[in-house]
Amino acid sequence: MLTLLLAALALAPDHPPVADTSYSGLAHQLDVRIPRSDQPVTIDGRLDEPVWRSAAVLRGFSQYAPTDGLAAADSTEVLVWYSATAIHFGIRAFQPAGTVRATLADRDHISQDDNVTLFLSTFNDGRQAAVFGVNPLGQQADGMLVERGSQSDASFTSALQSREAVDLSPDFVYQSKGRVTDYGYEVEIRIPFKSLRYQSADVQTWGINVTRVAQYRGYEYSWAPALRAAASFLGQSGHLVGLTELRRGLVVDITPEVTQHTDGAPPAAGAWSYVGKQPTVGANVRWGVTNNLTLNGTVNPDFSQVEADAGQISFDPRAALYFAEKRPFFLDGLEQFTVPNNLIYTRRIVQPVGAAKLTGKVGNTEIALLSAVDAASASASGRNDPVFNIVRLQRDVGAQSRLGMMYTDRVDGDDYNRVLEVDSRVVWDQIYSLQLQAAGSATRQAGVSTTAPMWDIRFRRQGHNFGLNALYNGLDDQFVTKSGFLSRVGEVHANIQPTYTWFGEAGAFVEQATGDILLDDIWAYHNFFHSGDARDKKNHYDLHAQLRGGWQVGASLLLETFGFDPAYYNGLYRIERPHPGAASDTLPFTGTARLPNRDWVLSAATPQFKNLTLSVLYLWGQDENFYEWASSLITYANIAADIRASEQLRIGFTYQLQDFVRPDDHTRTARVRDPRLKLEYQVTPSVFVRLIGEYVSTYTDSLRDDTRTNLPLLVYDQPSARWVRPARTTVNAFRGDFLFSYKPVPGTVLYLGYGASMAEPTPFDFRQLQRSSDAFFVKASYLFRL
């Protein structure tokens, strides 16, 4: 007996015992009463203070992905207690020795490590949660999960993950420290109440869930036994009950900042010249008006440190490309400005002179107000400072449903654009949701006033095996939003997408497989109301699978027909018609009425290996070529690799290729090649160095009316006021950026940066690169938290 006892002690992890206050997710013990204590602790990654012995313990995790409903293959314990000013979590994650994956990652870049994520629904509404993630070393990732029932337009790269994505833009101030142990890893977390918004009630109940990603298995676990088929992930959370006497105190953050730029320019003669600008002084202020309302203000903000947007390749030049918001002032509380169809897009405020916003939740109503004065722009009425005013209100209805409205107003001298919108989301029977939206715009531009409507209806059934997505929306040709983002207008869009998911047994080679069929039609807006045929028609057949160990594979067949779009080509081209012995004249370009497409797609992604993650997507076949409005042989490839060369060094590489070749003579119409390399070295948890290089090489042939006359296409030349034959063009542009960052806490920063743009005549030669511009900048700010 003594031998057995000694053996058990030898196998036990080295941590103090805890009181029998455990709550098993598998046993549906989801109402957690956590103890309160004012004992001091040191956030050092060691749960050895006496207070941890009396903490509540969350255990009994279940598997969430790739298959839900199974007991977790690895044990997890989450210890919880709170003081008057903060809530504390201690994490013990058990797994075999040598399998823990952890790097000294920069903030919000821990997804390729093992990680644990806390979801705190401080308003207990089952709709939104503050998210706090840590890797085994305590490196942080944070943000907000707001469930809007978002359903992106269908694509051949459909994801296997069913939960809505966490918005990692917001940064909270909290402390965490972790360490790898012989039984797995241990992390200690302290989240001050100053960093949270929560109810004003004396006794509170918060929603809580905890997830854990074990990279060596490719599994994600959840403490609350969440099902992927449900319309809400947060609605399946557990609860922290009986929280009392929470002291947030005065919440005032003042962050003064100073920035200095030195810009380079090519000389008219002689050496490269630099001009140093006067330092710019600005400030950000954040005031917690109440526990649930926050007022933010900014004056002369500078965003030089924000990483440049990665290049995107357009498949359809009629659609504008979307780039996510990255600027810190606009990221705080951004989730409350979310509107279906991106009718609020804060990047429309290009360079604010000053801005203020109020965000929060009062009772069951979310409030978000934003006012900003942008830098001067040239308009028909002169040079003005555009003024933005944005209002977004949302009301919780029932357990998961909501009602919302939005108003945006942009005034630029005598010109204006105003949009009024209402929307709702109705959820029933856990797996069904219906999203409705209607809006109207009123615009005055150069003395001309227009009004126009838009509408959107989306239905979703998210069952365990069978799912169904359907969409029906329309945007009038004259619908305008200058405070939002719409990739295309003047269309009616409808689709339906049934899906079926099959789950393998535990340990099966195929753990999950999903097949779907997309039937998608687009009409020109006014043709739709005259019973016109759909202009663009798509039938997509997709199959995606996750294999044992975290491998992902996919295949798709895309059958499409695209109709000629006179609205796009009107005034874009004319056809040159030669006459022997006489001057040429021109003909209008009308284009072939309809082009058929047939494309094949293969994709694959590796698991999150310890040092490498790789994904590949390859598309080939016959596709429309918008350059000449002709069928082309297309090749598209996207390769992405993330290399963790050491605990501190991360290398990210992407390569995109888009190639159009004429099928008759196999000459190239156009090609885009875009490699991008990013190196990040994390010197310490608060210091990192980033180097980015991106090379974009584009080639466009001299164009011809390839499907009908084979005659040259002409474009209009403004300086000469005549139609000319465009020459074959090649553009080879390189952009390099360097950044040194010291950020001990969000708000307190020191940035040193340099960026340069270059070009050369021969693609990827590098020996002929010539600078066209460059710039240095230094920025410092300090967070004063009162």
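Structure's up top.
Summary of the structure given here. (Residues numbered from 1 in each chain as written. Predicted model: local features only at pLDDT ≥ 70, side-chain atom pairs only at ≥ 80, totals over all residues. Heavy atoms only, no water.)

1. Considerations on unusual backbone geometry
Here is step 1 of the chain: Across the junction of Ala65 and Pro66, the peptide omega takes the value 5°, indicating a cis bond.
Here is step 2 of the chain: In this structure, Pro66 sits in the loop between strand S4 (62-65) and strand S5 (76-82).
Here is step 3 of the chain: You will see that Asp108, though not glycine, has its phi angle at about 70°, which is positive.
Here is step 4 of the chain: Secondary-structure assignment places Asp108 in the loop between strand S6 (86-94) and strand S7 (115-121).
Here is step 5 of the chain: Of note in this structure, Asn710 is not a glycine but carries a positive phi near 60°.
Here is step 6 of the chain: Mapped onto the elements, Asn710 comes out in the loop between strand S40 (687-700) and strand S41 (713-717). (Helix = DSSP H or I, 4+ residues; strand = E, 2+ residues; numbered from the N terminus.)

2. Some remarks on the packing of aromatic side chains
Given two aromatic rings, their pairing is described by the distance between the two centres and the angle made by the two planes.
Here is step 1 of the chain: Within this structure, the stated rule accounts for 40 aromatic pairs.
Here is step 2 of the chain: Residues Tyr219 and Tyr221 carry aromatic rings whose centres are separated by 6.4 Å and whose planes lie at 75° to one another, so their mutual orientation is edge-to-face. With respect to class, Tyr219 is no different from Tyr221; both count as buried.
Here is step 3 of the chain: Among the aromatic residues, those joined into a cluster by ring pairs are Phe562, Phe564, Tyr568, Tyr569, Tyr573, Phe589, Phe626 and Trp629.
Here is step 4 of the chain: It is Arg228 that lies over the ring of Tyr64; its NZ or CZ is 5.7 Å from the centre.
Here is step 5 of the chain: The residue whose ring lies beneath Arg418 is Tyr416, and the NZ or CZ to ring-centre distance is 4.1 Å. (Phe/Tyr/Trp six-rings, centres within 6.5 Å; stacked < 30°, edge-to-face > 60°. Buried < 20%, exposed > 50% of the residue type's maximum accessible area, 1.4 Å probe, protein only. Lys NZ or Arg CZ within 6 Å of the ring centre and 35° of its normal.)

3. Regarding the pattern of salt bridges
Here is step 1 of the chain: Following the criterion strictly, the structure yields 43 salt bridges and no others.
Here is step 2 of the chain: In this structure, the salt-bridge partner of Arg59 is Glu77, at a minimum N-O distance of 2.9 Å. Linking Arg59 in strand S3 (residues 56-59) with Glu77 in strand S5, this pair joins segments that are 18 residues apart in sequence.
Here is step 3 of the chain: What makes Arg59 partly exposed here is its relative accessible area of 28%.
Here is step 4 of the chain: Given the relative accessible area of 12%, Glu77 is considered buried.
Here is step 5 of the chain: Residues Arg725 and Glu576 are paired through a salt bridge, measuring 2.4 Å at the closest nitrogen-oxygen approach. Residue Arg725 is found in the loop between strand S42 (722-724) and strand S43 (729-745), and its partner Glu576 is found in strand S33 (residues 574-579); the two are separated by 149 residues along the sequence.
Here is step 6 of the chain: Salt bridges sharing common partners tie together Arg59, Glu77, Arg92, Arg179 and Glu186. (Salt bridge = Lys/Arg side-chain N within 4 Å of Asp/Glu carboxyl O.)

4. Examining the side chain of Gln215
Here is step 1 of the chain: Positionally, Gln215 belongs in the loop between strand S12 (203-214) and strand S13 (219-222).
Here is step 2 of the chain: Excluding residues within four positions of it along the chain, Gln215 makes contact with Arg101, Ser111, Gln112, Asp113, Asp114, Asn115 and Gln608. (Contact = heavy atoms within 4.5 Å.)

5. Considerations on the nonpolar core
Here is step 1 of the chain: Core analysis: the largest hydrophobic core is formed by 44 residues, its most contacted members being Phe89, Ile191 and Trp223.
Here is step 2 of the chain: Residue contacts for Phe89: discarding those within four places in its chain leaves Trp52, Val78, Leu79, Val80, Leu118, Leu120, Val187, Glu188, Ile189, Ile191 and Ile208.
Here is step 3 of the chain: Core analysis: the next-biggest nonpolar cluster, separate from the first, contains 21 residues, Leu343, Ile349, Ala372 and Ala452 among them. (Core = buried A, V, L, I, M, F, W, Y, C linked by side-chain atoms within 4.5 Å.)

6. Some thoughts on the environment of Gly218
Here is step 1 of the chain: Considering the arrangement of structural elements, one finds Gly218 in the loop between S12 and S13.
Here is step 2 of the chain: By relative accessible area, Gly218 is classed as partly exposed at 23%.
Here is step 3 of the chain: With 329 residues separating them in the primary sequence, Gly218 and Leu547 have C-alpha atoms 9.4 Å apart.
Here is step 4 of the chain: Not counting residues within four places of it along the chain, the set of residues in contact with Gly218 comprises Ala65, Pro66, Gln546, Gly549 and Gly550.

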